[in-house]
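Descriptive analysis of the structure
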Amino acid sequence: MNYTAPMVTLPDIATAFATPASAQAWILNGTPLGLAVLLLVAGSLADAHGRRRVFLLGTLALGVTTALGALAGSTLVFTLARAAQGAASAAVLAGSLGLLAHAYPAGRDRIRATGIWGASVSGGIALGPLLAGALSLTDWRLAYGALGAAALVTAAVGARTLPGETGARGPEAGAVATARGPESGVGDPRRETAARGPEAGAGTPARGPESGTGDLARGPAPEARDKARDEAAREPAPEARDKVREEAAREPAPDTRDTARKATAREPGAGRTPPRAGGSRPRPDIAGALSLGLALAALLTALTLGRDGWLRPQVGLPLLASVALTALFVAVERRSRAPMVDLALLRRPAFLASTLGALFTGLAVIGLFSVVPALVQGGSGMSPLGAAWLFVLWSGTSFVVALQARRLPARLSAPYQLALGFLLSAAGVLALLGTLQGPAGTWPRLVPGLLVAGAGSGLLNAALPRLAVDSVPPERAAMGSGANNTARYIGSSAGVALTLALVTAGPDTAVLASAGLALLGAALTLVLGRGHRPGTSFAQTTSR
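Reading guide: rules and limits
- Residues numbered from 1 in each chain as written.
- Predicted model: local features only at pLDDT ≥ 70, side-chain atom pairs only at ≥ 80, totals over all residues.
- Heavy atoms only, no water.
- Helix = DSSP H or I, 4+ residues; strand = E, 2+ residues; numbered from the N terminus.
- Buried < 20%, exposed > 50% of the residue type's maximum accessible area, 1.4 Å probe, protein only.
- Areas by Shrake-Rupley, 256 points an atom, 1.4 Å probe, with all protein chains shown as cover.
- Expected span 1.5 Å × (residues − 1).
- Patch = residues over 30% accessible without salt bridge, like charges linked within 9 Å, V, L, I, M, F, W, Y side chains within 5 Å.
- Salt bridge = Lys/Arg side-chain N within 4 Å of Asp/Glu carboxyl O.
- Axes fitted to C-alpha atoms, helices over the stretch in contact; angles between N-to-C directions.
- Parallel < 35°, antiparallel > 145°, perpendicular 65-115°, else oblique.
- Left-handed = near helix turned anticlockwise from the far one by under 90°.
- Contact = heavy atoms within 4.5 Å.
- Nonpolar A, V, L, I, M, F, W, Y, C, P; charged D, E, K, R; others polar.
- Core = buried A, V, L, I, M, F, W, Y, C linked by side-chain atoms within 4.5 Å.
- pLDDT = per-residue confidence, 0-100.
- Phe/Tyr/Trp six-rings, centres within 6.5 Å; stacked < 30°, edge-to-face > 60°.

1. Section: the overall build of the chain
For the chain, the count of helices and strands is 22 helices and zero strands. Buried positions account for 47% of the 544 residues belonging to the chain. Of the accessible surface of the chain, which amounts to about 25200 Å², a share of 65% is contributed by carbon and sulfur atoms.

2. Some remarks on helix α15 (residues 349-369)
Between the first and last C-alpha of α15 there are 29 Å, a value that for 21 residues agrees with the 30 Å anticipated at 1.5 Å per step. For α15, the buried fraction is high: 17 of the 21 residues fall into the buried class.

3. A word on a nonpolar patch on the surface
A contiguous nonpolar patch, built from Leu60, Val64, Leu68, Leu71 and Leu152 and spanning about 470 Å² of accessible area, is present on the exposed surface. Looking at the nonpolar patch, the element that brings in the most residues is helix α3 (residues 51-70), giving three residues. With respect to the element layout, leucine 71 can be found in the loop between α3 and α4 (75-103). Note on leucine 71: relative accessible area 70%, which makes it exposed.

4. Focus: the packing of helix α18 (residues 414-430) against helix α21 (residues 507-528)
Put simply, α18 and α21 touch, their axes get as near as 8 Å, and they point 165° apart. Here α18 lies roughly antiparallel to α21, going by the angle between them. The way α18 lies across α21 gives a crossing that is left-handed. Counting all contacts with α18, which are made through Pro415, Tyr416, Leu418, Ala419, Phe422, Leu423, Ala426, Val429 and Leu430, the residues of α21 involved are Val511, Leu512, Ser514, Ala515, Ala518, Leu519, Gly521, Ala522, Thr525 and Leu526. Looking at the contact of α18 with α21, its residues break down into 16 nonpolar, three polar and no charged.

5. Quick word on the side chain of asparagine 461
With respect to the element layout, asparagine 461 can be found in helix α19 (residues 447-470). Owing to a relative accessible area of 4%, asparagine 461 belongs among the buried residues under this scheme.

6. Observations concerning helix α1 (residues 6-17)
With 12 residues, α1 should reach 16 Å at 1.5 Å per residue; the first-to-last C-alpha distance of 14 Å falls well below that figure. All of the buried residues in α1 are Pro6, Met7, Val8, Thr9, Leu10, Ile13, Ala14 and Phe17. At the exit of α1 stands alanine 18, carrying a positive phi of roughly 55°.

7. Remarks on the packing of helix α2 (residues 24-49) against α3
Two elements in contact, α2 and α3, have axes whose closest approach is 6 Å; the angle formed by their N-to-C orientations is 130°. Between α2 and α3, the interaxial angle falls into the category oblique. Here α2 contributes Ala42, Leu45, Ala46, Asp47 and His49 to the contact with α3, which in turn contributes Arg51, Arg53 and Val54. Partitioning the contact of α2 with α3 into residue classes produces four nonpolar, one polar and three charged.

8. Quick notes on the nonpolar core
In this structure, Phe78, Tyr144, Phe369 and Trp394 are the most contacted members of the largest nonpolar core, which totals 104 residues. The contact partners of phenylalanine 78, leaving out residues within four places of it in the chain, are Ile13, Phe17, Ile27, Gly69, Ala72, Trp140 and Tyr144. In this structure, Ala119, Ala402, Ala405 and Leu459 belong to the second largest nonpolar core, which totals five residues.

9. Details of the confidence of the model for the chain
On average, residues of the chain carry a pLDDT of 75, and 73% of them reach 70 or more. Residue range residues 248-279 is modelled with pLDDT below 50. Its contacts to residues more than four positions away, or to other chains, number 23 contacts.

10. Notes on unusual backbone geometry
If you check the backbone angles, alanine 18 has positive phi at about 55° while not being a glycine. Its place among the elements puts alanine 18 in the loop between α1 and α2.

11. Points about the packing of aromatic side chains
This structure, assessed with the given rule, holds eight aromatic pairs. Arranged with centres 5.7 Å apart and planes meeting at 85°, the rings of phenylalanine 17 and tryptophan 140 form a pair that is edge-to-face. Of this pair, phenylalanine 17 sits in helix α1 while tryptophan 140 sits in the loop between α5 (108-135) and α6 (141-161), placing them 123 residues apart in sequence. A relative accessible area of 7% means that tryptophan 140 is categorised as buried. Ring centres 4.4 Å apart and planes at 5° place the aromatic pair phenylalanine 369 and tryptophan 394 in the stacked group. One end of the pair, phenylalanine 369, is in helix α15; the other, tryptophan 394, is in helix α17 (residues 384-404), and 25 residues separate them in sequence. Each of the two residues, phenylalanine 369 as well as tryptophan 394, counts as buried. An aromatic cluster of three or more residues is present, and its members are Phe17, Phe78, Trp140 and Tyr144.

12. Considerations on the environment of leucine 343
By secondary structure assignment, the location of leucine 343 is in the loop between α14 (313-335) and α15. Along the primary structure leucine 343 and valine 330 are separated by 13 residues, whereas in three dimensions their C-alpha atoms are 8.1 Å apart.

Structure follows, in structure tokens:
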């Protein structure tokens with residue numbers, strides 16, 4: 001809801017702040033920029049420090065920063081508040097999908113849960129403009145005050161109701177169990193006897209003559225005792241025998257070590273230093289986040305300036321800077337011991353399909369439909385609430401389809417579901433040709449295209465989170481969801497800037513560009529996802 005609220009209030013915000021047309025893209029892109037930069041950091045933090053904690057802190061910060069946006073007095077302050085909301089939303093998204101993956105490790109329960117998660121995303125997208133459109137009839141600032149209060153209430157409720165992550169103890173739990181293991185002597189009669197020391201004795205005969213049990217109580221003859229003492233000196237103590245036995249059990253056979261070494265070398269992320277059990281947790285990858293944020297900011301600057309002409313130094317220089325900073329980001333991630341994203345995962349076709357699918361969802365779908373309400377208001381003079389109701393035809397259909405998409409995976413794998421979603425989106429977008437800036441009475445012509453494109457968006461929203469967590473190891477679930485959502489918001493930021501630049505040549509230019517990008521996304525996900533089977537998790541894939 002917070003993400004989509006400015007879509008219908010953009011004209012009012014631009015009027016209130018006297019925002020020029022070239023800067024309006026930043027009003028819409030503030031939140032996606034914060035999301036894209038910090039989602040990967042949030043995913044790593046959630047894996048290291050607990051998904052529940054990251055989720056709750058993010059929700060609290062979202063409430064505070066959204067309320068601050070309602071008090072903004074200029075375009076710059078509002079944009080900065082929106083970027084801070086994006087940073088808080090990054091923690092919410094990475095933590096929530098990580099919690100979901102922890103609660104539903106695999107199978108149809110995960111399919112159903114990720115479908116509901118995707119449907120909730122679609123539902124928030126639908127309700128945000130409606131709330132903002134209704135409250136903007138009084139004052140556009142009321143929408144942001146209400147959303148901030150709702151986020152604070154959610155944080156309070158979540159703190160009381162979300163269970164702790166019992167499985168999140170990880171190695172520390174194992175360390176505790178090990179401490180209670182063989183060395184403690186629990187469950188081993190010999191250890192318990194030794195632990196009680198000489199005072200416990202070895203039974204009644206050890207009490208000697210004072211026990212009054214006769215010669216047998218006093219033990220064997222002196223010669224027999226000397227022989228037994230010599231044999232006992234040559235025989236290792238029980239503790240020493242157990243220690244040798246345990247060390248032998250822990251040491252694998254040579255062929256087993258070779259097999260394990262080869263299997264580890266094939267796994268993504270092999271060679272990285274894992275977090276130490278009970279030791280220091282990995283630090284956030286600040287260098288990676290900074291280089292990624294600067295690269296994205298340079299790209300958005302170039303796309304925003306492109307509306308006044310693409311073949312200009314003002315556009316080319318930021319584009320070159322974006323390429324250089326992206327290369328720097330890759331270099332930083334390769335050298336980092338605790339990277340935001342393990343780049344080795346990109347060698348897995350399923351993970352690459354998930355990432356590119358999210359990127360093209362932002363470019364082709366979210367980018368265009370973020371601007372459609374403002375285009376309809378500007379072209380036909382429709383009110384913000386009227387534009388919000390039209391927007392609901394798209395987002396509401398997306399919500400329903402995402403909720404029902406859980407019935408598909410038995411027959412349709414996630415990559416093929418992504419491809420179908422892109423194809424439907426392209427078909428629906430093409431149906432919008434010639435309708436976005438017509439007179440007020442032509443809005444019924446928008447309905448078929450909005451419904452078809454909404455169905456495609458719903459399939460995308462349901463498939464992306466499932467493929468994101470299925471394509472990575474379970475302990476990297478938050479990183480997988482963070483990478484997926486980062487790609488989505490990088491795409492949406494670039495898509496919004498590109499759409500606003502292209503509409504200067506007419507809305508149909510932006511529509512055609514969106515349809516072309518959707519078809520390209522369908523082709524890429526089909527090629528990369530051919531080997532992925534329905535309901536297959538990372539563990540099942542690697543076992544094959």
